[in-house]
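# Structural description and commentary
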Amino acid sequence: MAGIFWHNLSTKEVIKILKTNLKKGLSQEEIGIRQKEFGKNSLPEEITLSGIKIFLRQFKSPLIYILLIAGFVTLFLKEYGDSIIIFGATIVNVFVGFFQENKASQALKELKKVAKSFAQVLRDGNFKIIDSEELTPGDMVILHPGDKVPADGRIIESYNLKINEMTLTGEWLPADKTVTVLSEKTSLADRDNMVYMGTVVEDGKAKIVITEIGTQTEIGKITQMVKETKEEQTPYQEKVAHFSKLISLIIVFICLFIFVEGLIKGRGFNEMFITSIAVVVAAIPEGLPVCITVVLALGMQKILKKQGLVRKLASAETLGSTSIIATDKTGTLTEGKMKVTQVLSGDHIIENEKNNPLSVFKTVALCNEAFIENPKEPKKDWVVRGDPTSKALLLGAIEFGINIKKEQEGFEKIQEMPFDPIHKYLASLYKINEKQGILFVCGAPEKILELSKYIEVNKDKKGLTELRSEKIKEKLNELTGKGQRVIATAYKEINNLSGEEIIEKICQDLVFTGLIGLEDPLRKEVKKSIRICKRAGIRTIIVTGDHKLTAKAIAKQIGLPVKKENIIEGKDLDNLSDEQFQEIIKHISIYARVEPKHKMRIVENWQKRGEVVAMTGDGVNDAPALKKADIGMVLGSGTDVAKEIADLVLLNDNFSIIVDAVEEGRKILDNIRKIITYLLADSFTETILIGVGIMMGWPLPISAAQILWVNLIEDGLPDIALAFEPKEKDIMLKPPAKRNAPLLTQEMKTIIFIIGIITDLMLLGLFWWLWQKTQDIVYVRTIVFATLAVDSLLFVFACKSLRKNLWQMNIFSNKFLNISVIIGILMLVSAIYLPPFQALLKTTAIGPYEWSIIISLGLIDLILIEITKHHFIIKKQAI
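Quick summary incoming for the structure in this document.

Cut-offs applied
- Residues numbered from 1 in each chain as written.
- Predicted model: local features only at pLDDT ≥ 70, side-chain atom pairs only at ≥ 80, totals over all residues.
- Heavy atoms only, no water.
- Pairing = 2+ DSSP bridges.
- Helix = DSSP H or I, 4+ residues; strand = E, 2+ residues; numbered from the N terminus.
- Axes fitted to C-alpha atoms, helices over the stretch in contact; angles between N-to-C directions.
- Contact = heavy atoms within 4.5 Å.
- Patch = residues over 30% accessible without salt bridge, like charges linked within 9 Å, V, L, I, M, F, W, Y side chains within 5 Å.
- Areas by Shrake-Rupley, 256 points an atom, 1.4 Å probe, with all protein chains shown as cover.
- Salt bridge = Lys/Arg side-chain N within 4 Å of Asp/Glu carboxyl O.
- Lys, Arg positive; Asp, Glu negative; His and termini not counted.
- Charge placed at Lys NZ, Arg CZ, Asp CG, Glu CD.
- Phe/Tyr/Trp six-rings, centres within 6.5 Å; stacked < 30°, edge-to-face > 60°.
- Buried < 20%, exposed > 50% of the residue type's maximum accessible area, 1.4 Å probe, protein only.
- Arc of directions from axis to C-beta.

## Details of the sheet that holds strand β21 (residues 567-569)
With mixed pairing, eight strands are arranged side by side in an open sheet as β8-β25-β24-β23-β9-β20-β22-β21. At either end of the open sheet lies a strand with only one pairing partner, and these are β8 (308-310) and β21. Here the strands of the sheet are splayed against their neighbours by 20° on average, with no regard to which way each runs. Bridging between strand β20 (residues 539-543) and strand β22 (residues 590-592) involves two bridges; their strand directions are parallel. Opposite I542, over in β22, you have I590 as the bridge partner. Here helix α23 (residues 596-608) sits on the sheet in contact with β9 (324-327), β20, β22 and β23 (613-617), set at roughly 170° to β23.

## Brief notes about a positive patch on the surface
Residues K473, K548, K552, K556, K564 and K571 make up a contiguous surface patch of positive charge. Of the residues forming the positive patch, the biggest block, three residues, is contributed by helix α20 (residues 548-558). With respect to the element layout, K556 can be found in helix α20.

## Some remarks on the packing of aromatic side chains
Under the counting rule described, the total for this entry stands at 12 aromatic pairs. Site record: aromatic cluster; members linked through ring pairs are F411, Y430 and F440.

## With respect to helix α19 (residues 526-535)
Regarding α19, the residues found buried are V526, S529, I530, I532 and C533. The arc that holds every buried residue of α19, seen down its axis, measures 155°, which confines them to one face. The outward face of α19, more than 90 degrees from its buried face, is lined by the exposed residues K528 and K534. Elements in contact with the buried residues of α19: β9, β20, α20 and α26 (655-695). Following α19 by one or two positions, G537 has its phi on the positive side, about 80°.

## Brief notes about unusual backbone geometry
Despite not being glycine, Q307 shows a phi value in the positive range, around 75°. The backbone of D509 shows a phi angle near 55°, a positive value even though the residue is not glycine. Residue placement: D509 occurs in the loop between α18 (503-506) and β19 (510-519). Judged by its relative accessible area of 37%, D509 is partly exposed.

What follows is the structure, given as structure tokens:
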């Protein structure tokens, strides 16, 4: 609807132009018509790399450049056999790289589809939650703190609304919004009666009418139409990339030395050129970074299947090192299915008279953020929206007999203050007539008591004396001691109503009406998950806004320590310096009545102790702590802002997802280390084999074509297969990896370098003995070639676990690895016995005697690796 200055029109004019209804919104029939006319409320999707582009990108690799140059040089030198091998190696390398990168790309693309944005909309007189893409001009939308504005709109009603418009205007301070008509010439940044797609609600609440959607929004007009998706590298990927470059430079230097040394020793240029190229190709771990991306992407997919959405590759990696899980109580440890179990009116608490909870339920009915999407349907089919507490209070009021619609008809809501963890209460101001109003308030009992001056007893207002306050606190402790969440209710009659009142200022001298106890069952699987965490060296702490006795009751059920020294409240944390906090932090398992600032401090102080912290949150105020935590975890029911910052979104709010994600993170780290060990060990072995052979003045122990064959045909599939290695059974029985753990562990270094040298000594000894005995270079090279290939195919099984010996695990658990090894064996047999391959690779047929030597050496090498692993296993057990 271009050309209309919405900010210059009154709300009545806007509603008239958009042909919508303030009280009912659009009808379903009208929505269908408008969606056909205006399309979906979406921006152009980011262009991700297509399969063809991923394939062509493989040719940008320095390794491919080297192979292509070598191929054309050998063609020029008329070494046609070597040319076929080199060009064949190029094609294999490109296809392997394409498979790995495409697999990772597809996995990441699927993950992005899961992240959707939703909006609360008024349609056919009922509030509903819909996919933001389904919004259309004229829709009435309700905005809450933490929401991302789903489309451009004119504000119809505003309750202390503050919006951060930095994404659009660059201004980081939130704008105070209003409904006032503005001048036509008002600049975009000053249009305070408008909201814009992509901006963020920091505080307050509002009703808006959608004016523009999709590409017609202000952000849609300036969105880049074409851009490639760039996924940031994880810390481990960066380490591996840097390490790979360093290794590559060293290997290139070694190969230059091999080339020059060979020429000095009188070897032919062609032979030394091709051999040097082959060593470069075989030794440079070019596929390592892509392999790691595949492992990370596959891990993210696995976590998604368990209802956890990992938003960044880096997070999938960090999960494996998590040592502290700071979790909220409601919805994560409990089922989030709150139910009103007890209601105590003021007269019942104070004078022990008959309980009369009418005022209590009336308050929670009129001061509530929950709503029923389909109230005309049978009660069993109702869809109730809102947070667990609000939903329970609303349903409790309805069950008591409160008619929500009828109660609302008697009042006109003129202001509302949403609940937040700092104020700890929710308030709604209603207009009764021109001069009178009534304020309904519900929230944390301590806060409501603090704001109250009176108490309702037998429908009369009496002073809230210290003695009466003490009686209320006794009942509060009784309810919270049972593990119940407790909400207090109050009201205040307003005379001389102006309509300009600020709720925070008038929210005092309240009339206390009663307490509501809510019960939320513990999730069945939580106790088991907490035990798994404990065995895995991960400490679980509860960080909640609830009363300390409520938190204590839940903590006791799940097996956390609940002595006095294990519990602290936010107000007490404020009185501690960081030094004092550090002295007691290791004893604290329960943080109660915390505010967002406390969450930030808890995270920082655990990190100072070298711990990797995972923190749950759901609101806009949790954002700083979520960002500070190593892993920010947001409930699926959380705000858009929290989800944007989150590393892990718990799609069904379940604590067990966190444990599953940590377990998958450990598997990711394990598999990355296995792949690094496998690739680097082979690279090191082949480089030393050729280098020492030339220095000794011997014929080359293995030809260039044979090196390429081992590297690309024999090793190619097994290193990909290791990415699919299933998790080890004891993965959650070991302590988490330390922060900033080195890329190569001591065990990995020993296997790669020490065992690599021993393997080379065996191969060089075999070569020298056979050469002296037969002087048949084709025969000798065939045996060395076969030994290197068999050694590699056996070694991959040792890499299945760096913590267990072969006899302690199921060596055939990875079907992809089994198939890749079988293919490797078949290709090796083909290379030795099929005439076309014999001609290309300069091999000859060998008999059982030779195979017995080859297999024996492979087994000796495998035994040495297993002895090395066993040494480290014993060493770790001793620690």
